[in-house]
Amino acid sequence: MQRSTGARKGQGRADGAFRASSLHMPFFRLRHARFVWLAVLALCGWLVCAPVPAQQFPVQYYGRKSGLESQTVNAMLQDRRGFIWVGTEMGLYRFDGAQFHRMARAEGFASGEFVNAIAEAPDGRLWVATQSGLRVGDGLDFRPVAPGGAPLVPDAGRRLVALPDGGVLLVRAGHLLEVRADGEGGWRVGERFSGALRRAWPGLEDVSAVQVIDGALWLGCGHQVCEVKGADVRVHGPDDGVPADVWSGIFRDSRGSVWLRGTHVLRVRPAGGGRFVRRDVPGTPTDILTDDIGVIEDPQGHILTRTDHGLARWDGQRWQLFGPANGLPDVGITALMFDREGELWLGTYGRGVALWSGYGAIEGWSRAQGMDTAPNWSIARDARGRMWFANEMGGNVRDPGAPRLAPWPLDASPPARQNLSMQAGPDGAMWVASYDGRLFRYDGRATRLVATLPHFIKAIRFDRSGRLWIATIKGVFSMSPGDDRPQPAEGAPATQCSDIAESAPGTLWFACNAGLLRLAQGRWTLLAAHGDTVPGGYIGVAATADGTVWLGANEPGLFRGEVHGDSVRLRRVADRWLDNTLAYFVRRDRRNWLWVGGSAGVDVFDGRRWVHVSQDAGLLWDESDQNAFFEDADGSVWIGSAIGVSHIRIPQALFRERPRRVVLTAVSMGEHRLVAGESISMDGRRAPLVFRFARVGGASGSPPRYRYRLRGTGAGVVETHANEVVVSALPAGDYRFEIQAIDDDLRTLSPVADFSFSVRPPWWWRWWALSSWALVVAVLIALAWRWRVRALLRRTRWLDTMVRQRTRELRREKGELEQARARLYVQARFDELTGLLNRRAILEQLASVLADDARRSRGVAVALLDLDHFKQVNDSYGHPVGDQVLHGVAQCLLRHLRSTDSLGRYGGEELLLVMEGIGVREAQLRLDAMREAVAALPWGPENASLHVTISLGLAWVGAAPVEARSIVRAADEALYKAKQSGRNRLSIAASID
C-alpha cells in the first residue's frame, strides 16, 4: 500500500540522516543515541496506538423487515424536524420511529432511484442527489431540479453543500456548479469558478470533497486540497503537511480544528495552527475508498472515521479501534451520523442501517471480551480496583484498563459453580457464595473455604458493622468479624430468604418466601402484611431509613411498603413495564435512585419519575439476573444479564430529555392529498381517508406507540402501534384528528398533533338536489296512491324476512359468545403448555378440599413434584425439547391419577398434586409408581441420550384443620430434602394434624 511504502522510504531517509550525523561520534555514544531514538519511537507508538477497551456495544439493525428494500446505504441525515433520512441504491427513505418509508411517486420519486447525497438548507428544504437527477423538497413532497427541462445529475459520491442564500453546490463532471431558483419557477445553473480561475488552477476542474468553512470553500482538487475565498486560491500541499492523495472528506470540529480525510492518510490542522499534522490511524488499513464519509465528531468531542474493518475514534491523545468484535457491523461502513440524542447511526454496505444505542453512556462485556459464561449472578470491585464477575460456571476478573477479561483467581475443588452472590469485605478480601452452600474468601493471594453450609446460599451481605449475613433456602446465617465460620442466626425463622438490605445501622431486611423479615435492635420480626399481598413471598428488597421498603415478589410486579410497627402495608406500583416483569433485583444506590432489574430490562426511579432501559436503549440484553447489580465508586452502574454485563457509565443520561413529536406526514383520499381545513366529500365509492404519521426525535427506546381520537365522531381515545389510521364513511360535519406519541420508557406523552377538516353532505342533500327530490316525491306520491296497499304488503314481507335473518344472526352470535366464554374459562384455569390446572386453579382446588371437613377427614396428601436438572435439558437441547419433556411428564402423571386426584402446574417445572381420601402409605406407593413411570419413559431427540427423573415432596394431613399454605410449604421442604438427597426420590414431611 502507498502509505506503507511511504513510511518505509521516510524511515530510510531518517536512518540515513542519523548515520551521516553520527560518523564522528564515539561508538558508545552512537549506540546510546540509537537507543534513545528507538525509545522515542516506541513511546510515540504507544501514545498513538495504546490498547483499546474491547467493550461490547449493543447495535440494532434495520433491514428489509424494517422497510429498507435496498440495504446498501450511501447517505444519512437528520433534518431540523427530527426526521432521519437514508439514501440507498434503491431510493430515499424516511424513518418514522420504527420503520423506514420509501419516498415514492406520491412524494415525487420514481421507483428504484440511486441516492448519492442529501443536504439540508437553512430554510429546512432538503436537496437530494440521485442518478436520475437532483431533487428538492420540504420532506413531504419533492420536485425535480431540471434546468431547461433536462435532469441535472450530480457526480456519484460527491456531497451537496446547501448555501445560506437558498442555493446549492454540487459536483458534475468534476466541476463545481451552483444551482439556485430563478424566481420564475425555473432554475439557474452556473460554474462556481470562472474559466480563468480554472485555467490558473487546473485542480478546480477535478473536485472531490466539498466543504464551506468560515465563508471559504475547501475542496479536494485533483490530489491536493484547495482553499478558495472569492478569487483567492490557496493550495495546501506538502509544505503545509498535506501529501498528495484522493481527498474524500473535509471537516471542522467544535474546537476549530480542520480535518482532511484521504484514501490513505488523515491530517488535522489544530485551531490557530499553520500546518497540518499527521493523524493516520495506525495498525489498521484505511485504504478502501468510500465517497464523502470523511470524519465526524461525537457529542463528547471525539473524532470518528471509518477504517477498512470498522471505526477509529480519536480521544485527543490516541486512536481507539472498534470493529465486529465490539458488536459493530461485519461489513464496510458507508455513512456516519449522530442524531440529536447522541446515538450513532451507521450506514453499511449490504447490511442496512445499524444504530449504536447508548453511545458514550453504556458499554458491555461478554464472551467476545473473554467472559467465561452466562448468566452473570453477581458483580463487585475488589480493593485492588479489579472488577469481579461471578456467573453460572465460575467467574472472571478485569484489571483496571484491561481490554479483556481474565479467569478469576478463585481456586476451589470442585470448582465453584452457580456463584449467586459476591461481596468485597471490609477486610479487603473478596467473599463468594455458591449455590451449593460453599462460602469462599480470597485475600489476594490464596482462596480459603470458609464454610460449607447445609443449605443452598441465595445472597450474602456485609452490614455496616462488618458482620456478614447469609441468606439460604432454610434461613439466615451470620458471621461476625473474627469468627471462624458462620452460625445460624438465633431467632430467625427457617424459611427461604433470597435478598438482604440494610436501611440503617442494625436494621436489616430479608426478602423471604414467608414474607418480609426484619432484624432491628437484635429482634427478629416477620412483618404482618396488609394490602396488596402475594402468597409466594419475595425475592428482592430495598429499604430506606424512613420506613419505606420496595419488594420484588415471586410474581410479576413491584410492591411498595410502608412499615408501621410490626406490620407493613403493601401497594403494587401501577406501571405498564413493572406489571409485566419479575423483579429479579431491587436496589437503591447512593443517589437514592431505585433500580429494578427484571425479565424485560431495568427500570430506574429517581424519586420523581421512572425510566425503562432495555436493549433498545443500549443494554446488552433485557433479561437481568438476581444479584447482578453493582454501583461503582464513580456512580456508574453494572448490570448482569443472560449474555454478559452492561456498564452504564453515565446513569444521568438515562433521564435526559428525549423530546418526541408526532408529525402528520400525509392525509390523503386515494391519490388526493388533503391540506388542513379542506372540505371533502365521502359519498359514493370514494376512497377512505388515510392519516399517515411518524414519530420524530430519534430511535432509541421502545418502538413507538400512539393514542389518537377523531373529534366530531363521539368516539373515544384509541391506542395503536401502526403508523396510519384509515377512516371511511364519515357523515357531514366538522372534524379534528388528534394524535400523540406514547413514550413507554419515559412514561410521557408527546405534544398533540392535529389536522382539521370537514365533510360536505352528499350531493343528494344539497339545495338543488333537495328541490329535485321534492318534485320527484310529489310526482311519486300522486302515482303511488293506487299501489299503496301493494307496497305495504311488500314491505311487510321484507320486514318479516329481515326479522328471520336477524334472528339467525343473533343465534349465531350467541353460539360464538358461548364458545368464547368456554375458551376464556379454559385459559383462566388451565396451563397452556401442559394442559394441567394452572397455579391459581390447583391452589383453589386444594383450599376447597381442606375447607370441606368431610373430604379432609378421610386424609389429604399434597405432593410437590420437580423435574430434576430441567435447566440442563433446556440448555443442552433447547427450550422446545424442554417444553416437550414437561408436557410428556404431565401426561404420564395424568395416566396414574385417580378420578378424585388433581394435578396442576405450580410454577416452571414444579407440579402440585392433591389427593383426597388417601392414607400416607397409599400416597407413598402411588407417588413412587409415578416416579418410576416417569424415569422409564423414553425422551429426547434421535441420537441423543436424555434421561428425565422427578423428585417428590409429600405432606399428608388428617382431620385437623390446616391452611393450604402450610401444607404446600411442608411439601416444598420435603422436596428440597429429596433434592439434597440425590434427586429421583420421594421425601415425606412429618404429618400435619
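Just so we're clear, the structure is a prediction, and the values are computed from it rather than from any experiment. (Residues numbered from 1 in each chain as written. Predicted model: local features only at pLDDT ≥ 70, side-chain atom pairs only at ≥ 80, totals over all residues. Heavy atoms only, no water.)

## Points about the state of the cysteines
What counts here: Disulfides are defined as cysteine sulfur pairs within 2.5 Å. For every residue, the accessible area obtained with a 1.4 Å probe (protein chains only) is divided by the maximum for its type, and the residue is called buried under 20%, exposed over 50%, and partly exposed between those limits. The helix count covers DSSP runs of H or I at least four residues long, the strand count covers runs of E at least two residues long, and both are numbered beginning at the N terminus.
Tallied over the full model, the rule gives two disulfides. Linked covalently through their sulfurs, Cys-221 and Cys-226 form a disulfide whose S-S length is 1.9 Å. Where Cys-221 bonds to Cys-226 through sulfur, the torsion about that S-S bond is close to 85°, and the disulfide is right-handed. On the accessibility criterion, Cys-221 (2% relative accessible area) is buried. Here Cys-497 is linked by a disulfide to Cys-512, with a sulfur-sulfur distance of 2.0 Å. Here Cys-497 and Cys-512 share a disulfide; its torsion about the S-S bond, 90°, makes the bridge right-handed. Note that Cys-497 is positioned in strand β42 (residues 497–504) and Cys-512 in strand β43 (residues 507–512), a separation of 15 residues in sequence. On the accessibility criterion, Cys-497 (0% relative accessible area) is buried. Each bonded cysteine of the protein chain gets a number by its place in the sequence, and the pairs then read 1-2, 3-4.

## Overview of the pairing of strand β19 (residues 258–262)
To keep things clear, this is the line we draw: Pairing between strands is defined by DSSP: at least two bridges between them are needed.
Within β19, five of the five residues are buried, leaving the element largely enclosed by the surrounding structure. Residues Val-258, Leu-260 and Gly-262 of β19 are buried on one face, and the alternating residues Trp-259 and Arg-261, pointing to the opposite face, are buried as well. Here strand β18 (residues 247–252) pairs with β19 via five bridges, running antiparallel. Paired with Trp-247 across the two strands is Gly-262, which belongs to β19.

## So, a nonpolar patch on the surface
Filter applied, for reference: Residues enter patches when their relative accessible area tops 30% and they take part in no salt bridge; the joining distance is 9 Å for like charges and 5 Å for the nonpolar side chains Val, Leu, Ile, Met, Phe, Trp and Tyr. In this description, accessible areas are obtained by the Shrake-Rupley approach with a 1.4 Å probe, and a residue is regarded as covered only by the protein chains that are shown. Salt-bridge detection follows one rule: a side-chain nitrogen of Lys or Arg within 4 Å of a carboxyl oxygen of Asp or Glu.
Together, Leu-770, Trp-773, Val-776, Val-777, Leu-780 and Ile-781 give the surface a local cluster of nonpolar side chains, amounting to about 540 Å² of exposed area. Looking at the secondary structure, you find Val-776 in helix α4 (residues 767–784). Under the relative-accessibility criterion, Val-776 is labelled partly exposed at 37%.

## Some details on the pattern of salt bridges
Per the stated rule, a full pass over the model turns up 61 salt bridges. In this structure, Arg-560 and Glu-562 form a salt bridge, with 3.5 Å as the shortest nitrogen-oxygen distance. When the shortest N-O distance is used, the salt bridge between Asp-901 and Arg-898 registers 2.8 Å. The exposure class of Asp-901 is buried, given its relative accessible area of 9%. What you see here is one network of salt bridges that share partners, running through Asp-165, Glu-178, Arg-180 and Arg-192.

## Focus on a positive patch on the surface
Convention followed: The charge count treats Lys and Arg as positive and Asp and Glu as negative. His and the chain ends do not count. Where a charge sits is defined by one atom per residue type, namely NZ (Lys), CZ (Arg), CG (Asp) or CD (Glu).
Together, Arg-786, Arg-790, Arg-794 and Arg-797 line one region of the surface with positive charge. Along the chain, Arg-794 turns up in helix α5 (residues 788–829). By relative accessible area, Arg-794 is classed as partly exposed at 43%.

## What to know about the nonpolar core
Stated precisely, the cut-off is as follows: Within this scheme, the nonpolar core is defined by two criteria: the residues are buried Ala, Val, Leu, Ile, Met, Phe, Trp, Tyr or Cys, and they are joined through side-chain atoms within 4.5 Å. Two residues qualify as a contact provided that any one of their heavy atoms is within 4.5 Å of a heavy atom in the partner residue.
Val-885, Val-889, Leu-893, Leu-913 and Leu-927 are the most contacted members of the largest nonpolar core, which totals 33 residues. Among the secondary structure elements, those contributing two or more residues to this core are β68 (860–867), α8 (870–877), α9 (879–894), β70 (910–916), α10 (920–936) and β71 (950–957). Top contributing element to this core by residue count: α9, with seven residues. Apart from residues lying up to four places away in sequence, Leu-913 is in contact with Ala-861, Val-862, Ala-863, Leu-865, Leu-897, Asp-901, Ser-902, Leu-903, Leu-927 and Met-930.

## Focus on the sheet that holds β19
On the basis of which strands lie adjacent, the open sheet formed by four strands has the order β18-β19-β20-β21 and antiparallel pairing. The two strands at the open ends of the sheet, each matched to only one other strand, are β18 and β21 (277–278).

## Thoughts on the packing of aromatic side chains
The condition that has to hold: The criterion for an aromatic pair is that two Phe, Tyr or Trp rings (for Trp, the six-membered ring) have centres within 6.5 Å, with stacked assigned to planes under 30 degrees apart, edge-to-face to planes over 60 apart and tilted to the rest.
Within the structure shown, the criterion is met by 38 aromatic pairs. When the centroid spacing of 4.1 Å and the interplanar angle of 10° are considered together, the rings of Phe-691 and Phe-737 count as stacked. Of this pair, Phe-691 sits in strand β61 (residues 689–696) while Phe-737 is found in strand β65 (residues 733–743), placing the two residues 46 residues apart along the sequence. Its relative accessible area of 0% is what places Phe-691 among the buried residues.

## Observations regarding the sheet that holds strand β10 (residues 161–162)
Strand order in the open sheet formed by four strands is β10-β11-β12-β13, and the pairing between neighbours is antiparallel. One side of each edge strand has no neighbouring strand; the edge strands of this open sheet are β10 and β13 (187–191). Where strand β12 (residues 175–181) and β13 come together, five bridges link them in antiparallel fashion. What sits directly across from Ala-181, in β13, is Trp-187.

## Regarding the packing of α8 against α9
The condition is simple: The axes used here are C-alpha line fits, helices contributing only the stretch in contact, and every angle between their N-to-C directions lies in the interval 0 to 180 degrees. Any angle between 65 and 115 degrees counts as roughly perpendicular, while under 35 counts as roughly parallel, over 145 as roughly antiparallel, and the rest as oblique. Any residue outside Ala, Val, Leu, Ile, Met, Phe, Trp, Tyr, Cys, Pro, Asp, Glu, Lys and Arg is labelled polar, Gly included; the first ten of those are nonpolar and the last four are charged.
One can describe the packing of α8 onto α9 by two numbers: an axis separation of 7 Å at closest approach and a directional angle of 140°. By the criterion of interaxial angle, the relationship of α8 to α9 is oblique. Together, Phe-870, Val-873, Asn-874 and Tyr-877 of α8 and His-879, Val-881, Gly-882, Val-885 and Leu-886 of α9 make up the contact between the two elements. Across the contact of α8 with α9, the residue classes tally to six nonpolar, three polar and no charged.

## Brief notes about unusual backbone geometry
Residues apart from glycine generally show negative phi values, whereas peptide bonds are mostly found in trans. With omega at -5°, the peptide bond leading from Ser-413 into Pro-414 counts as cis. Residue position: Pro-414 is located in the loop between β33 (406–407) and β34 (421–424). Within the chain, Ala-173 stands out as a residue other than glycine whose phi angle is a positive 55°. By relative accessible area, Ala-173 is classed as exposed at 63%.

## Structural notes on helix α11 (residues 964–980)
Counted only if it meets this: One less than the residue count of a helix, multiplied by 1.5 Å, gives the span that helix is expected to have.
Taking 1.5 Å as the rise per residue, α11 with 17 residues should run 24 Å; its terminal C-alpha atoms sit 24 Å apart, in good agreement. Among the residues of α11, those classed as buried are Ile-967, Val-968, Ala-970, Ala-971, Asp-972, Ala-974, Leu-975, Ala-978 and Lys-979. Those residues of α11 that are buried lie in contact with α6 (839–851), β68, β69 (902–907), β70, β71 and β72 (986–988). Among the residues trailing α11, Gly-982 stands out with phi positive, at a value near 120°.

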